[in-house]
Amino acid sequence: MASKRDYYEVLGVDKKASKEDIKKAFHKLAHKLHPDKAGGDVDKFKEVSEAYSILSDDKKRAEFDSYGRTFSDGSAGAGPGGFAGSANFDFSQFQDAFQNGGFDFGDIFGDVFGGSTTRTHRGRDISIDLEVSFKESIFGTKRTVLLAKIAECETCHGTGGVPGTKIETCKHCNGKGSVRESSNSFFGTISMVQPCRQCHGTGKVPAEKCSTCRGEGVYRKQEEIDIAVPAGIEGGEMVRLSGLGEAVAGGPAGDLYVKIHVQNDSRFKKDGANIVTELSVKLSDALLGGEYTIATLDGDQPLTIPPGVTHGELLRMSGRGVPTTRGKRGDLFIKVKIILPQKLSKVAKGLIEKLKEEGI
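Residue positions are given per chain, counted from 1 along the sequence in the order it is written. Only residues with pLDDT of 70 or above have their local features reported here, since the model is predicted, and side-chain atom pairs are shown and tallied only from 80 upward, although totals for entire chains, interfaces and linings are computed over all residues. To obtain the side-chain values, all non-hydrogen atoms of the structure were included, while hydrogens and water were left out.

K.L.:
Quick rundown of the side chain of H27? Include the residues and the values.
P.N.:
Numbered from the N terminus, helices here are DSSP runs of H or I no shorter than four residues, and strands are runs of E no shorter than two. Within the fold, H27 resides in helix α2 (residues 19-33). Relative accessible area serves as the criterion here: at 15%, H27 is assigned to the buried category. Of the polar contacts made by the side chain of H27, one reaches the side chain of H31; its length is 3.0 Å. Here's how the labels work: a residue is buried when its accessible area is under 20% of the maximum for its type, exposed when over 50%, partly exposed in between, all with a 1.4 Å probe on protein chains only. Identification of polar contacts relies on pairs of N or O atoms within 3.5 Å, with a donor-acceptor requirement for protein atoms, meaning one able to donate a hydrogen and the other able to accept it, and with residues adjacent in sequence counted only if both atoms are side-chain atoms.

K.L.:
Please provide a residue-by-residue account of unusual backbone geometry, values included.
P.N.:
If you check the backbone angles, N174 has positive phi at about 55° while not being a glycine. Inspection of the secondary structure puts N174 in the loop between β3 (167-169) and β4 (178-185). A positive phi is found at R214, a non-glycine position, where the angle reads about 60°. The residue R214 is located in the loop between β6 (204-206) and β7 (218-229) in this model.

K.L.:
I'd like a rundown of the packing of aromatic side chains, residues and numbers included.
P.N.:
The description of an aromatic ring pair uses the distance of the two centres, along with the angle that the planes make with each other. What counts as a ring pair is set by centres within 6.5 Å for rings of Phe, Tyr and Trp (its six-membered ring), and what kind of pair is set by the plane angle: stacked under 30 degrees, edge-to-face over 60, tilted for all other angles. If you walk through the whole model with that rule in mind, you get 4 aromatic pairs. For the pair Y7 and F64, a centre-to-centre distance of 4.8 Å together with 45° between the ring planes defines the contact as tilted. Here Y7 is found in helix α1 (residues 7-11), whereas its partner F64 is found in helix α4 (residues 58-67), with 57 residues between them in sequence. With centroids separated by 4.3 Å and ring planes inclined at 10°, the aromatic side chains of F26 and Y52 adopt a geometry described as stacked. Here F26 is found in helix α2, whereas its partner Y52 is found in helix α3 (residues 42-55), with 26 residues between them in sequence. Note on Y52: relative accessible area 4%, which makes it buried.

K.L.:
Explain the pairing of strand β13 (residues 299-305) residue by residue, including any values.
P.N.:
Pairing between strands requires that DSSP locate at least two bridges from one strand to the other. In this sheet, β13 lies alongside strand β12 (residues 290-296) in antiparallel orientation, the contact comprising 7 bridges. Each residue of the ladder has a partner; that of T293, found in β13, is P302. Connecting β12 to the next strand, β13, in antiparallel fashion are 2 residues.

K.L.:
Please provide a residue-by-residue account of the pairing of strand β9 (residues 256-262), values included.
P.N.:
With 7 bridges connecting them, strand β1 (residues 126-132) and β9 associate as parallel partners. Looking across to β9, one finds that V132 is bridged to V262. As paired elements, strand β8 (residues 238-241) and β9 share 4 bridges and run antiparallel to each other. Bridge pairing links M238 to K259 in β9.

K.L.:
Can you break down the pattern of salt bridges residue by residue, with the values?
P.N.:
We define a salt bridge as a contact between a side-chain nitrogen of Lys or Arg and a carboxyl oxygen of Asp or Glu at a distance within 4 Å. Taken as a whole and assessed by the stated rule, the structure comprises 15 salt bridges. A salt bridge links R240 to D255; the nearest nitrogen and oxygen atoms lie 2.9 Å apart. Of the two residues, R240 sits in strand β8 while D255 sits in the loop between β8 and β9, which places them 15 residues apart along the sequence. Look at D255 and you get buried, because its relative accessible area is 3%. Ionic pairing is found between D298 and R329, a salt bridge with its closest N-O pair at 3.1 Å.

K.L.:
How would you sum up the sheet that holds β1? Please name residues and give values.
P.N.:
Strand order in the open sheet formed by 3 strands is β1-β9-β8, and the pairing between neighbours is mixed. Of all strands in the sheet, those bounded by a partner on one side alone are β1 and β8. Averaged over all neighbouring strand pairs, the angle between strand axes comes to 25°, with direction disregarded. Axes, fitted as lines to C-alpha atoms, cover a helix only where it is in contact. Angles between the N-to-C directions of the axes lie from 0 to 180 degrees.

K.L.:
Lay out the packing of α3 against α4 with the relevant residues and their values.
P.N.:
Their axes nearest at 6 Å, the elements α3 and α4 cross at an angle of 100°. Comparing their axes, α4 and α3 come out roughly perpendicular. Seen from α3, the contacting residues are S53, I54 and L55; seen from α4, they are K60, R61 and F64. Throughout this entry, Asp, Glu, Lys and Arg are counted as charged residues, while Ala, Val, Leu, Ile, Met, Phe, Trp, Tyr, Cys and Pro are counted as nonpolar. The remaining residues, Gly among them, count as polar. A breakdown of the residues in the contact of α3 with α4 according to their chemical character gives 3 nonpolar, 1 polar and 2 charged. Roughly parallel refers to an angle under 35 degrees, roughly antiparallel to one over 145, roughly perpendicular to one between 65 and 115, and oblique to any angle outside these ranges. In this analysis, two residues are considered to be in contact whenever any of their non-hydrogen atoms come within 4.5 Å of each other.

K.L.:
An account of α4 is requested, with residue identities and associated values reported.
P.N.:
Among the residues of α4, K60, R61, E63 and F64 are the ones counted as buried. Down the axis of α4, the sector holding all buried residues measures 160°, keeping them to one side. Among the exposed residues of α4, those oriented more than 90 degrees off its buried face are D58, K59 and S66. As for α4, its buried residues are in contact with α1, α2 and α3. The backbone nitrogen of K59 lies 3.0 Å from a side-chain oxygen of the residue at the head of α4, namely D57. Note on α4: the residue one or two positions beyond its end, G68, has a positive phi of about 75°. This arc is taken over the directions from the axis of the helix to the C-beta atoms.

In structure tokens:
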């Protein structure tokens, strides 16, 4: 029987792909599609497994390339389901491929041949964006945000029952907390152990359900979250708040990830633990020195301009930079920008002419 499938297309590889490329493609798809994984697809899993069994075998691959089907062992084309139901299929080729490639075979296939894998359910992670000012990024800050998310029920505290109600053994799983589900696959019957949906894996259920969450132990609501933004944080960094993601019945809550966006401040630039700013200085003060007031993150501070300062020179104010983990702070560097006059009065022009005569 001619194959109706293009096995190369099934695995997403070129017809000239090496055996290593084929193995990698199968491994990636098997991880994604295996029915014991979240979002798995039994039918597609069968299809990629069948494709790999053909293309990983030199003889079968040559037959497929030449005739669009295989003849070896009478495996391919054994029926409308391809390999499905074949008792003579050699499963060892898959195990060898994964062991030789350093992959965890059991991680993908779990309990295909009678073993059991019970997944621990965990709440969904949440990611949000938070904008802070430049000053807040330097010294740190605290924010409170309002999030709509699935959270633990405050009435029953996650039990799903009316406070004080009797707790009974779950009849659906007989108190085991898990149930075995089976489905037919290319390899035969796939048996998977799943948490019981009735008791959420606990083996116990309340006699009277909580009216707030309808017995689920969790429900969607708005919740205030306090976020501590650490000092010295960079724009684009993430703050992880463990357990403040979405809740799930019978398992741990997910995490909340806060991506920090730092507003630009035209006055300051961050350079490691230091901060750089600019100061416009008159030509006369650059020559003779002077007193200025400069804006810092700690407020306005006096600054003495030394005589003969040059354009682009950096003046330093110690301890006015970014707080460090050692309890100290970096420095504030002031870049001098000398302002040249656009117009000169006759008096000023005469004075400059005299300076010029003196070679200044």
